[in-house]
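Coordinates in review
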Amino acid sequence: MATILVLHGPNLNLLGKREPTIYGSTTLDDINQTLTTQALEHGHHLQAMQSNAEYELIDRIHDAANEGIHFIIINPAAFTHTSVAIRDALLGVNIPFIEVHLSNIHQRETFRHQSYFSDVAQGVICGLGAQGYELALLAAIRHIENLALD
Ligand SMILES: O=C(O)[C@]1(O)C=C(c2cccc(Sc3ccccc3)c2)[C@@H](O)[C@H](O)C1
């Protein structure tokens, strides 16, 4: 049994409440509940956290290494385009991660096209709404289970 950590960045706590045309009407609680259920169906555990504070996300990433977290799924939200610090934390703990965005950042403002995470991620999923998280979870489980076979 493995544990997968889902990290949501700033303002995602407002998801489903405003701007549904861009980010959808699903709330973060809905997403986390769906992912938790799907992980358990595959025999794995899921932990989820949302923070508007860069340092809290960094601290959670550090703690993940001490807890034996096997994989991280992260939507850095606005930190996608600014945070070398979170990038460095992910590299520092050496836990594989997938970058997820609800919207297709490449169809939006130019400043959203650049990510500090994509080149060091296992993969990037964007533009598929809440389903992107579910696809990332399936990929994480596949990664973990393939490692177990090696
Ligand atoms: O598409 C995403 O998931 C993204 O990571 C999410 C972002 C984001 C930005 C502002 C608010 C929210 S969440 C939200 C949605 C609707 C109303 C209020 C907040 C997400 C952007 O900062 C990123 O560029 C893209």
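Because the structure is predicted, anything quoted here is derived from the model rather than measured.

Procedures and definitions
- Residues numbered from 1 in each chain as written.
- Predicted model: local features only at pLDDT ≥ 70, side-chain atom pairs only at ≥ 80, totals over all residues.
- Heavy atoms only, no water.
- UniProt positions renumbered as here; feature names shortened; annotations may be inferred.
- Helix = DSSP H or I, 4+ residues; strand = E, 2+ residues; numbered from the N terminus.
- Buried < 20%, exposed > 50% of the residue type's maximum accessible area, 1.4 Å probe, protein only.
- Contact = heavy atoms within 4.5 Å.
- Polar contact = N/O pair within 3.5 Å; in protein donor to acceptor, adjacent residues only side chain to side chain.
- Near = heavy atom within 4 Å.
- Areas by Shrake-Rupley, 256 points an atom, 1.4 Å probe, with all protein chains shown as cover.
- Nonpolar A, V, L, I, M, F, W, Y, C, P; charged D, E, K, R; others polar.
- Expected span 1.5 Å × (residues − 1).
- Right-handed = clockwise from strand over helix to strand, strands pointing away.
- Pairing = 2+ DSSP bridges.

**Things to note about the UniProt feature "binding site: substrate" (unreviewed entry) in the chain**
- Within this numbering scheme, the UniProt entry marks Asn-75, His-81, Asp-88, Leu-102, Ser-103 and Arg-112 as carrying the feature "binding site: substrate" (unreviewed entry). Maximum C-alpha separation among the annotated residues is 24.2 Å over a sequence range of 38 residues, too wide for a single clustered spot.
- Structurally, Asn-75 can be placed in strand β3 (residues 71–75).
- In this structure Asn-75 comes out as buried when scored by relative accessible area, which is 3%.
- Beyond its immediate stretch of four places on either side in the chain, Asn-75 contacts Leu-7, His-8, Gly-9, Leu-12, Val-100, His-101, Leu-102 and Tyr-133.
- In this structure, Leu-102 sits in the loop between β4 (97–101) and β5 (123–126).
- Among residues more than four places away in sequence, those in contact with Leu-102 are Leu-12, Leu-15, Tyr-23, Ile-31, Asn-75, Gly-127, Leu-128, Gly-129, Ala-130 and Tyr-133.

**Considering the side chain of Ser-51**
- Along the polypeptide, Ser-51 turns up in the loop between β2 (45–50) and α3 (54–67).
- For Ser-51, a relative accessible area of 2% puts it in the buried group.
- Within the local environment of Ser-51, its side chain forms a polar contact with the side chain of Glu-56, the two groups lying 2.5 Å apart.
- Discounting chain neighbours no more than four positions away, the residues touching Ser-51 are His-8, Gly-9, Pro-10, Glu-56 and Leu-57.

**Structural notes on the site of the ligand**
- Around the ligand, the structure places 15 residues, and the nearest of them are Arg-18, Asn-75, His-81, Leu-102 and Ser-103.
- The contact in question runs from an oxygen atom of the ligand to an N or O atom on the side chain of Asn-75, over 2.8 Å.
- One nitrogen or oxygen atom from the side chain of His-101 is found 2.8 Å from an oxygen atom belonging to the ligand.
- The fraction of the free accessible surface of the ligand (530 Å²) that becomes covered by protein chains is 94%.
- Partitioning the shell around the ligand into residue classes produces 7 nonpolar, 5 polar and 3 charged.

**A few points about helix α5 (residues 130–149)**
- End to end, α5 covers 30 Å across 20 residues, agreeing with the expected 28 Å (1.5 Å per residue, within 8%).
- Listed in full, the buried residues belonging to α5 are Gly-132, Tyr-133, Ala-136, Leu-137, Ala-140, Ile-141 and Ile-144.
- Buried residues belonging to α5 abut β1 (3–8), α2 (28–41), β2, β3, β4 and β5.

**Some words on the environment of His-44**
- Tracing the backbone through its elements, the reader meets His-44 in the loop between α2 and β2.
- The buried category is assigned to His-44, whose relative accessible area is 6%.
- Residues His-44 and His-101, 57 residues apart in the sequence, show an inter-C-alpha distance of 23 Å.
- Filtering out sequence-adjacent residues up to four positions away, His-44 remains in contact with Met-1, Ala-2, Ala-39, Ile-141 and Glu-145.

**Considerations on the pairing of β4**
- Here β4 lies mainly inside the structure; 5 of its 5 residues are buried.
- For the segment spanning β3, helix α4 (residues 84–93) and β4, crossover handedness is right-handed.
- The sheet contact formed by β4 and β5 spans 4 bridges and is parallel. By the bridge assignment, Ile-98 is partnered in β5 with Gly-123.

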